[in-house]
Structure formats: structure tokens, C-alpha cells
Amino acid sequence: MKYSGWPDPGELVVGKIDEIEDFGVFVDLEEYKDKRGLIHISEVASGWIKNVRDHVREGQIVVCKVLDVDEGSQQIDLSLKDVNDHQRSEKIQQWKNEQKADNWMDLATGEEIEDEEYTAIANELIGAHGSLYEGFKQAAIHGHEALEDTELTDEEIDALVETARENVSVPYVNVTGYVDLENPSASGVDGIREALTAAEGNGEVPEEVDLDVTYVGAPEYRIRVQAPNYKTAESQLEESAQRAIAAIEGHGGDGEYHRDPRTDEE
């Protein structure tokens, strides 16, 4: 997806060098539809330049700073020398992330979708979270809640969340669930304690997963899981609850797993 408007002065943009002349370099902007900019020779590198081709090559991907935009003459003036290494690296990573998000949009919406509908969905994600990539990232972490303030339909949100959770890798994800444990048998508190130990994994929880079980209010216990991705977190949460339920049922008690709290938490 490319923006249909114009970049702003001061903005960093990604471009591909299309043509090199003695006076400067023409650059096709990768993020803007049908937009081309010019890097004057004086903005290619600091100091005196004998040959522009000593500094750039055709087909090269570069990060430039927008110096000036003249929509009337369809001219965008760019600078290559005003972008430092940190800015270049950060912008390239951002651009690559947006390319990933473009692919995720195709997966979520299907190939048959009309351009206008595709753009409308993309704009909702961008409007809610600033970029396509961040929109998918938040959908992977928070699910439907991340998109509930948008104008997207339930069907569109379902598709976006499903795609996000299948494809987005985030530093970590937190999920929470609850399990009710009741044990009227003779083992009483000891049976509950054994069930909680089982919920905590008996030392078998993967190293990259942080799992914590705490008391909320009889008969409810909270299970919190932090994991590198949503699928792992959700899987570990459900497995934790099922271990506790199996253990308490082994004592003749009852267990029930649910996602929302039933006891008022402090």
C-alpha cells in the first residue's frame, strides 16, 4: 500500500534511485504513489563531489530527508547527506515492517477485495494505531479490543485478528485467565494446594514463559502468562487451567476454567 498524498518537509522517506545525472539523483519514493524526488548533487554527500556515481548507484534503496515540496510543479527536493546512520536504520526497519503488514493485509482481506474497500480497512488500522504494522501488532496482543473503536465490521475484525495472531511476532504477550477450584472431599485444602502446584507447571513450563497463579477470592484463582507470542501464551494458559482441573477432579473436587473474573479484584 502506498500513500496517495505528498510527504511533508522534514519527513524521512524511503526511495529507490531511478536515474543519476551530473547535477543530481532522481529517486522513486517507495511509500508514495507516483511520487518522484530529486537529490541535488550538493545534497548527496558532504564536501566536494567529483562524480555522483562514486556515492550512489541506480536501483539502490536509500533513506532521504524531504527538504521541500512544491505540489504545483510536482517537485520534491530531497537530501541524502542529512540522514544519519541511526535514522537510516530505523526508517528502513519501519519500511520493512510496513511491507510485512501489506502482506498481512492481503492474507486478511483476500485477493478479490476491491481497492476502495482495501484502502478503507487499511485507513482504519492506521487511524487507530498510526501504521498498518502497529495495528496488526496490537491486534495480535489485545485481539478484538485493539480494533473495537474503529468502523470495521465484526467480520473484518475477526479476519484481521486471526491473521495478526498467526503472523505477528511481538517481544512478549500477556494473557490472563481464571480457574475455579472446589474440593469438598477429605483432602480439602491439600487437594487445592496440589491443584495449584499443577497449574504452575510442576517445573515443566518452557523457559521463555512466565506463569503465575494467585488467589482472587474463593473459589477463584488467577492465571497470568507472559510469553514471546500470542499462540504460546494462550496455549500455556489453557494447559495450566486444565492441569489444575485434572488435579482437583482427581481428589473428587470440581474445577472450571473461564477467561473473565467472577470475583471483584482489589
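Everything discussed here concerns the structure shown above.
For the structure given in this document, a descriptive report is provided here. A quick note: this is a predicted structure, and the numbers were derived from the prediction, not measured.

1. Re helix α1 (residues 85–109)
1) Next: In this model, α1 (25 residues) spans 36 Å end to end at C-alpha, consistent with the 36 Å of a helix rising 1.5 Å per residue.
2) Next: Restricting attention to buried positions, one finds in α1 the residues Lys91, Ile92, Trp95, Asn97, Glu98, Ala101, Asp102, Trp104, Met105 and Ala108.
3) Next: Where α1 is buried, its residues touch β1 (12–21), β4 (61–70), α2 (115–129), α3 (132–142) and α4 (154–167).
4) Next: Regarding α1, its N-cap is Asn84, as a side-chain oxygen of that residue lies 3.1 Å from the backbone nitrogen of His86 further along.

2. Some details on the pattern of salt bridges
1) Next: Across all of its chains, the model carries 10 salt bridges by this definition.
2) Next: Note that Asp18 and Arg36 form a salt bridge whose closest N and O atoms lie 2.5 Å from each other. Separated by 18 residues along the polypeptide, Asp18 in strand β1 and Arg36 in strand β3 (residues 36–40) bring together distant segments of the chain.
3) Next: Linking Asp85 and Arg88 is a salt bridge whose minimum nitrogen-to-oxygen distance equals 2.7 Å. Here the residue Asp85 and the residue Arg88 both occupy positions in helix α1, the gap between them amounting to 3 residues, near one helical turn.
4) Next: Residue Asp85 is classed as exposed on the basis of its relative accessible area, which comes to 61%.
5) Next: Under the relative-accessibility criterion, Arg88 is labelled partly exposed at 29%.
6) Next: It is possible to trace a salt-bridge network through shared partners that takes in Asp18, Glu19, Asp28 and Arg36.

3. Observations concerning the sheet that holds strand β2 (residues 24–29)
1) Next: Pairing is mixed in the closed barrel, where 5 strands are placed in the order β1-β2-β3-β5-β4. Looking at each pair of strands side by side, their axes are set apart by 50 degrees on average, direction ignored.
2) Next: Of the pairings in the sheet, the one linking β1 to β2 comprises 6 bridges and is antiparallel in character. Opposite Gly15, over in β2, you have Leu29 as the bridge partner.
3) Next: Strands β1 and β4 of the sheet are contacted by α1, whose axis makes an angle of about 100 degrees with β1.

4. Observations concerning the pairing of β1
1) Next: Bridge count between β1 and β4: 5 bridges; the pairing is antiparallel. Looking at the pairing, Lys16 lines up with Ile61 of β4.
2) Next: Where β1 hands over to β2, the hairpin turn is made up of 2 residues, counted between the paired strands.

5. Focus on the pairing of β4
1) Next: Taken together, the 5 bridges between β4 and strand β5 (residues 75–79) define a ladder with antiparallel strand orientation. Within β5, the residue paired with Val66 across the bridge is Leu78.
2) Next: Where β4 folds back onto β5 in an antiparallel hairpin, the turn is made up of 4 residues, including Gln74, whose phi is positive at roughly 60 degrees.

6. As for the side chain of Glu43
1) Next: By the secondary structure assignment, Glu43 is in the loop between β3 and β4.
2) Next: No salt bridge is formed by the buried Glu43. Its closest oppositely charged neighbour is Lys81, at 4.3 Å.
3) Next: Excluding residues that lie within four positions of it along the chain, Glu43 makes contacts with Leu67, Leu78, Ser79, Leu80, Lys81 and Asp82.

Cut-offs and rules
- Residues numbered from 1 in each chain as written.
- Predicted model: local features only at pLDDT ≥ 70, side-chain atom pairs only at ≥ 80, totals over all residues.
- Heavy atoms only, no water.
- Helix = DSSP H or I, 4+ residues; strand = E, 2+ residues; numbered from the N terminus.
- Expected span 1.5 Å × (residues − 1).
- Buried < 20%, exposed > 50% of the residue type's maximum accessible area, 1.4 Å probe, protein only.
- Contact = heavy atoms within 4.5 Å.
- Polar contact = N/O pair within 3.5 Å; in protein donor to acceptor, adjacent residues only side chain to side chain.
- Salt bridge = Lys/Arg side-chain N within 4 Å of Asp/Glu carboxyl O.
- Pairing = 2+ DSSP bridges.
- Axes fitted to C-alpha atoms, helices over the stretch in contact; angles between N-to-C directions.
- Lys, Arg positive; Asp, Glu negative; His and termini not counted.

Scope: geometric values only; no functional claims are made or implied.
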